[in-house]
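Structural overview
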Amino acid sequence: MNAKKYGKIAYDGLITNNATFKLVLGTCATLGMSTSAVNSFGMGLSVTVVLLLSNVLISLLRKVIPNTVRIPAFIVIIATMVTLLRMVLEKYIPDLYDSMGVFLPLIVVNCVILGRAEAFASKNPVLDSAIDGVATGLGLTFALTLIGIIREFLGNGSFFGIHVMDFKIGFFTNSAGAFFVYGICIALFVLITNQAEKARRAKQARMLRMPSGQEPLPAPDAEEVK
Amino acid sequence: MTVKQFFKSNAFRSLAVLIAIVLVAGALLAIFNDILYISDEERLNRTLSKIYGENVTAEEVTLDEDAKTTPYGTVNFVYHIQEDGNYLFQTTGTGGYQGGTVTVWTVVAVTGTREAGDLAITGIDKVVYESNTSQTLMANLTDSFYAFYTEHDDLVADGEYFTSVKGGTDDLNNVVANATMSSGAVTNAVNAALYCCRTQFVSQSGQPEPPSDEVLEEIFGERVALTSVAVTDAQTPYGTVDEVWLTSGKSAYLFKTTGTGGFQGGSVTLWTAVTFEGTGSEMKLTGIEKVVYLSNISQSWMNKIPDSYYDNFADKDDLVAAGGYFTANPDGSGDLNNVQTGVSLASNASCNAVNAALCYFRTVLLGEESGEEPAPLDPVEEFYGERVNYTQLTIDELYTSNEYGAVDAVYYVAEKNEVLILSTGTGGFQGGTVTLWTSLTVTGSLEDGLTLTGIGKVVYDSDVDQSWMNKIPDSFFANFADKDDLVAAGGYFTANPDGSGDLNNVETGVSKASNAACNAVNAALCYFRLRLTDPVERFYGEEVDYTQLTLGASCTTNEYGTVDAIYYVAEKNEVLILATGTGGFRNGTVTLWTSLTATGSLEGGLTLTGIGKVVYDSNIDQSWMNKIPDSFYDNFADKDDLVAAGEYFTANPDTGNLNNLETGVSLASNAACNAVNAALCCFRMWLTDPVDRFYGEQVDSTQLTLDAAALGNEYGTVEAVYYIAEKNELLVLSTGTGGFRNGTVTLWTSLTVTGSLEDGLTLTGIGKVVFASETSQSWMDKIPDSYYDNFADKDDLVAAGGYFTANPDGTGDLNNVQTGVSKASNAACNAVNAALCYFREVLTGGNA
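1. A word on the overall build of chain B
Helix and strand content of chain B: 22 helices and 30 strands. Out of the 848 residues belonging to chain B, those deemed buried represent 40%. Within chain B, contacts between residues at least 6 apart in sequence are counted, and of these 57% link residues at least 24 apart.

Structural data, given as structure tokens:
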């Protein structure tokens, strides 16, 4: 039961409520950091760590923090986590710290983190909140990295910093290109997830209509449906 | 609500929880900040590791605040890397997007050292990005962009700067599409490092390259000779003055200035020729001859300013001469307004560049009030009551005191032909003293020696225990200036109460204070006579005729020390050498005058026979120099046989034929011996028979009589020609022109020949080329011996009638150029060519 619950929480964070492609949150970091795959991946992991820590702490303190001051309290906690992350990155991974630049402190105001704190961590137990934080973070990381790979490949002809081809389209390295890729990715993601959801529901429906023990009927052809 | 109710209320709970969270978070951050703290040293080591890939040792170099500001940006830190001698700069370049900046680390590769004065830039090893402000497209600047700066060492070594112009075509243009301004800021940061290195560290600092012939032709219509003028107070309210040149025969100063106030905080650099009439205090600014555009920072519409815009500056001489400054008002108001429509900010920077030249001319060259609060006069200027240029001289510690008192400071004021001395005379009331400023009128120069002609003025400074000093009127001090003949003849002042003595100066009733005052003046006279008169005459104690010899820098440095001056005193058959020996206490030095007795002549070569006399001059860091008695220096003159045989002195505690050691002062003795050895070594290497010296052995040679009318040719001049039959060679001493700053290089070239003098000689090639001397070639020591060997490798082409070239691009079969030293190489090739040309045109009558 718990495994199923945690699995659903994780699935929601990764796919159903994907922060980047579904909820369209954290766009600032998405567009600013996704010029290269490595930077995107680093940003995504940083947000994941902050999400995990802030969700855990907020969940731990959810019964202590009064409702009237929950937002300022959440922001203080998130800001503290981001500051700790900055110190750790600057000390141990200076290259990533340098490449993230101003976007690292901007994680504080990333809507994903405050959004999950408000929507989930402040209302759920610690473990649930932790899993939600990790899953949401990984979903964001996946989305950011995907956009980063596309922009870097088309814009600089490289893949994770490795030069692959000389052909480059400068459009993909600037802001307009970032929006373009972002929009295309959202469209494709929604299309794929919707199709998958549709197929899942159709399968569920067929399962419900058949007597138990029998195989469900095969899915009809599209022509038959028409 | 009661207090109890308040503490139970929701509001208090909310506040308390919030404060608690903040305090805990603060404490957590404070703890982690301490744990994860990165010190400045660690940051520097990270940067060094990022740049060098390994731990290296860096020593921070301190810069003046003025030196940190460059036309391209600011210099934040400079480190000297001990392992490779290069310099690491952290600089912030201006001109970025939205007025922002980019900070980078630049490794400037150099050869030589600052201490030796032979530091030279060879290129850029690495550029590493550090941070930026307001730049949003830094990610577009890839590794290849930064690598570009390291790929043009030859142009960097030649003194060029990088550019970042969109669509630019010059070799040092580095720009990334869509990130022009960020590229420009990075380029400016790199240029700031180069600028700082060139102006602060490189030995040619303060000696800029003159403007090209094309610029001079554009301004004056012809090439003109220029003299560099040292820039003082380079900052003006309008911009900076980078270079000042005085033209010859054009009554004009040529300024290279950078005017501020351009688009996005950028600047414009122009050449401005300012005309004047009169000289000295009569000089007046008359107008502007011409203004020529040179470069800009961040002025993206500079190409919209036509040439006629710059011509406008030369049309307002009346107003310029009357003291006006140019403006760039878009509405056109103002008599001296000069603005290009639509480009008002670049026009403003251009006007400011011209104004900077005018302002510098007026305030520095003419000494007019700049409108700012003038700096107070320093003591020397107070003495003269006006601003003067002067040089403070270093007083050797053994000469600070003499029988009359002590010398506290010595200044040479060239423009007044005076030496100003602050000295304290003893023998005052109750053992006290009087300190006076005394100006001694002189002729001659510091380098050649000064001759005392009298006393200019004496001014009271202070006294110790002279309670009646106020009874001495000004006329007492004026008396010192009335006895120039006696002073010039070597006399000293007295303060006899009975008035006896030609140079007596005493104030009745104040004889002791008068005595101390006279002694103060005498202390100044005594110091001058011991230290500042003609050095050769001071050495011999009489007037002698002598010739000062000039040898190139590479000839005057040897393993024992350096030779500072060489004089040939023919009437004494001596060579007098001032040399500094190394190896003293705390790596200090001792400088001595050594007279070497010699037979022969300068032209035919001298033969060393011994040492005449050795006299102490000065020292660095030898705190026990005063323990060395005069007899120590006399010892050098007692070993003529061994000196003539080629031996050198030592300062060993127990051994050595030419050992000369003062017990307890062994290191200072060592440095003293090295000073004598440096003189001996220089003599042996450069003043003996030139032909024997060239071949390293005694050879029979015949010096040919030169055809005086044919000594000069298009490559240079021939100084001497020797025929060495046993070697089948002609040895030619020739000087080639076309060096750096129109200097020359003199070489010995042996031409291999067949035939005989009587039957005629045929050139078959070049045997060897040896450096002799140079003028103005400050990078001559960068030319290795292998460069001269190259001349001997092209016998076929030489025999076929070819001449050597020094093309930087390497073209030409007989090309011989040392990278980065092209001008000196050119003069060297011309020296060899002059020898070849003389042989072909004169010795063989054009039939070679």
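From this point, the discussion proceeds with the structure in view.
2. Some words on the packing of helix 3 (residues 37–60) of chain A against helix 4 (residues 70–92) of chain A
Residues and elements named next belong to chain A. At a closest axis distance of 9 Å, the pairing of helix 3 and helix 4 adopts a crossing angle of 140°. With respect to their mutual orientation, helix 3 and helix 4 come out oblique. For helix 3 against helix 4, the interelement crossing comes out right-handed. When helix 3 is examined against helix 4, the residues Ser46, Val49, Val50, Leu53, Ser54, Leu57 and Ile58 are found in contact with a partner set consisting of Phe74, Ile77, Ile78, Met81, Val82 and Leu85.

3. Some remarks on the nonpolar core
Residues and elements named next belong to chain B. Counting 86 residues, the largest nonpolar core has Val108, Val190 and Val832 as the members making the most contacts within it. The greatest single-element share of this core, amounting to 13 residues, is contributed by helix 22 (residues 822–843). For Val832, the residues in contact, after removing those within four places along its chain, are Leu747, Thr749, Val769, Phe791 and Phe804. Counting 43 residues, the second-largest nonpolar core is a separate cluster that includes Val575, Val614, Val665 and Cys673.

4. Here's the deal with the interface of chain A and chain B
Between chain A and chain B, the residue contacts involve 22 residues of the former and 19 residues of the latter. The biggest single contributor to the side of chain A that touches chain B is helix 4 of chain A, with eleven residues. Split into classes, the residues belonging to the side of chain A that touches chain B amount to twelve nonpolar, eight polar and two charged.

5. Let's talk about the pairing of strand 15 (residues 405–413) of chain B
Residues and elements named next belong to chain B. Here strand 13 (residues 391–393) pairs with strand 15 via three bridges, running antiparallel. Bridging across to strand 15, Thr391 finds its partner in Tyr412. Inspection of the sheet shows strand 14 (residues 401–402) paired to strand 15 by two bridges, in the antiparallel sense. By the bridge assignment for strand 15, Ser401 is matched with Ala406. Hairpin connection from strand 14 to strand 15: two residues lie between these consecutive antiparallel strands. Here strand 15 folds back onto strand 16 (residues 418–425) in antiparallel fashion, the turn holding four residues, of which Asn417 has a positive phi close to 50°.

Calculation criteria
- Residues numbered from 1 in each chain as written.
- Chains lettered and ligands numbered in written order.
- Predicted model: local features only at pLDDT ≥ 70, side-chain atom pairs only at ≥ 80, totals over all residues.
- Helix = DSSP H or I, 4+ residues; strand = E, 2+ residues; numbered from the N terminus.
- Buried ≥ 20, exposed ≤ 12 C-beta atoms within 10 Å, placed from the backbone.
- Contact = placed C-beta atoms within 7 Å.
- Axes fitted to C-alpha atoms, helices over the stretch in contact; angles between N-to-C directions.
- Parallel < 35°, antiparallel > 145°, perpendicular 65-115°, else oblique.
- Left-handed = near helix turned anticlockwise from the far one by under 90°.
- Core = buried A, V, L, I, M, F, W, Y, C linked by C-beta atoms within 7 Å.
- Nonpolar A, V, L, I, M, F, W, Y, C, P; charged D, E, K, R; others polar.
- Pairing = 2+ DSSP bridges.

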